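Structure assessment
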Amino acid sequence: MLSIGPYSSTSRVIVAPMAGVTDKPFRDLCHLMGSFWSVSEMVTSNQQLWETNKSRHRLDHTLETGLSWVKLAGSDPDQIAQAAAINVELGAQIIDINMGCPAKKVCRKAAGSALLGDIDLIQRIVESVATAVSVPVTVKTRTGLTLEDTAGAQAALAAQNAGAQMVVMHARS
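Along each chain, residue indices are assigned from 1 in the same order as the chain's sequence is written. Given that this is a predicted model, residues contribute local features only at a pLDDT of at least 70 and side-chain atom pairs are listed and counted only at 80 or more, while totals for whole chains, interfaces and linings are drawn from all residues. Think of the side-chain values as coming from all heavy atoms in the structure, minus any hydrogens and water.

**Things to note about the confidence of the model for the chain**
The pLDDT score gives, residue by residue, the confidence of the prediction method on a 0 to 100 scale. For the chain, mean pLDDT is 89; residues scoring 70 or higher make up 100% of the total. Highest mean pLDDT in the chain belongs to helix H5 (residues 119-132) (97); lowest belongs to helix H2 (residues 53-58) (76). Each helix is a run of DSSP H or I of at least 4 residues and each strand a run of E of at least 2, with the numbering of both proceeding from the N terminus.

This is the structure:
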């Protein structure tokens, strides 16, 4: 049994968030095929970028056939907390903080896996989000920035101590 906050399922399989793949129709299909857990495509926490069609679709949590688990990306604790609160108002049931995306356009904003370079910031982000919302907060990260470092384990502990109810480790640097 896997439990996150008030949600639980005998399924321990989670459909991972994948840009351009895990949109609402795909998540609905996965739910119809038996998936209980599936995470949305990444949504930027920068509300100034929410006026695109892509963002509007990602922010629409209505008519979700399964659990609405929303992945947010950013590096500003207050901005991510505000984006999390808005997503909860829009129907998100779990908020996931992206600390694992290696895409250049994400890392250039000091977000995604770039956060592994600042464990204190990770803790501040998770604390800020966990305080701002009444739903479970989760984190997805990587093992580290390089094969040799232990930033992933440090990030996982910091996130847990700051209020994350689950940390998923993508076993790659």
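So that's the structure; there's more coming.
**A closer look at the nonpolar core**
Among the buried residues, those of types Ala, Val, Leu, Ile, Met, Phe, Trp, Tyr and Cys that are joined through side-chain atoms within 4.5 Å form a nonpolar core. Buried means the residue's accessible area, taken with a 1.4 Å probe over protein chains only, is under 20% of the maximum for its type, while exposed means over 50%, and partly exposed covers the values in between. Counting 30 residues, the largest nonpolar core has Leu72, Ile95, Ile97, Met99, Ile125, Val126 and Val129 as its most contacted members. Among the secondary structure elements, those contributing two or more residues to this core are strand E5 (69-73), helix H3 (77-89), strand E6 (94-99), H5, strand E7 (137-142) and helix H6 (151-162). Excluding anything up to four places from it in sequence, Leu72 contacts Val43, Ile80, Ala83, Ala84, Asn87, Ile95, Asp96, Ile97 and Asn98. Note on contacts: a residue pair is in contact if any heavy atoms of the two residues lie within 4.5 Å.

**Here's the deal with the layout of surface pockets**
With a 1 Å grid laid over protein atoms only, a set of points is called a cavity when a 1.4 Å probe fits there but cannot get out and a pocket when it is open yet has protein on both sides within 12 Å along at least five of seven lines; lining residues have an atom within 4 Å of a point. Grid points are joined across faces, edges and corners, and a volume is the space filled by probe spheres set on the points. Of the pockets and cavities examined, the largest pocket occupies roughly 650 Å³. Lining the largest pocket we find 22 residues, and of these Met42, Thr44, Leu49, Lys105 and Val106 sit closest to its centre. Mapped by element, the contributors of at least two residues to the lining of the largest pocket are strand E4 (37-44), H2 and helix H4 (104-107). Looking at the lining of the largest pocket residue by residue, the classes come out as 9 nonpolar, 8 polar and 5 charged. Here the second largest pocket is characterised by a volume of approximately 200 Å³. Lining the second largest pocket are 15 residues; nearest its centre among them are Pro17, Lys71, Asn98, Cys101 and Lys140. Among the elements of the structure, E4, E6 and E7 are those that each provide at least two residues to the lining of the second largest pocket. Looking at which element gives the most residues to the lining of the second largest pocket, the answer is E4, with 3 residues. Ten residue types, Ala, Val, Leu, Ile, Met, Phe, Trp, Tyr, Cys and Pro, are classed as nonpolar, four, Asp, Glu, Lys and Arg, as charged, and the remainder, Gly among them, as polar. A class-by-class count of the residues in the lining of the second largest pocket yields 7 nonpolar, 4 polar and 4 charged.

**Observations regarding the packing of aromatic side chains**
Aromatic rings from Phe, Tyr and Trp, taking only the six-membered ring of Trp, are treated as a pair when their centres fall within 6.5 Å; an angle between ring planes under 30 degrees marks them as stacked, one over 60 as edge-to-face, and anything in between as tilted. Using the criterion set out here, one finds 2 aromatic pairs in the structure. Look at Phe36 and Trp37: their rings are 4.7 Å apart centre to centre, the planes differ by 85°, and that puts the pair in the edge-to-face class. What makes Trp37 buried here is its relative accessible area of 0%. Between Trp37 and Trp69, the aromatic rings sit 5.9 Å apart at their centres with planes inclined by 75°, giving edge-to-face as the arrangement.

**Points about the side chain of Ser35**
Along the chain, Ser35 falls in the loop between helix H1 (24-32) and E4. Pairs of N or O atoms are called polar contacts if they sit within 3.5 Å, as long as, within protein, a hydrogen donor faces a hydrogen acceptor (for residues adjacent in sequence, only side-chain-to-side-chain pairs). A polar side-chain atom of Ser35 sits 3.0 Å from the main-chain carbonyl oxygen of Trp37. Other than its neighbours up to four places away in sequence, Ser35 contacts Val15 and Cys30.

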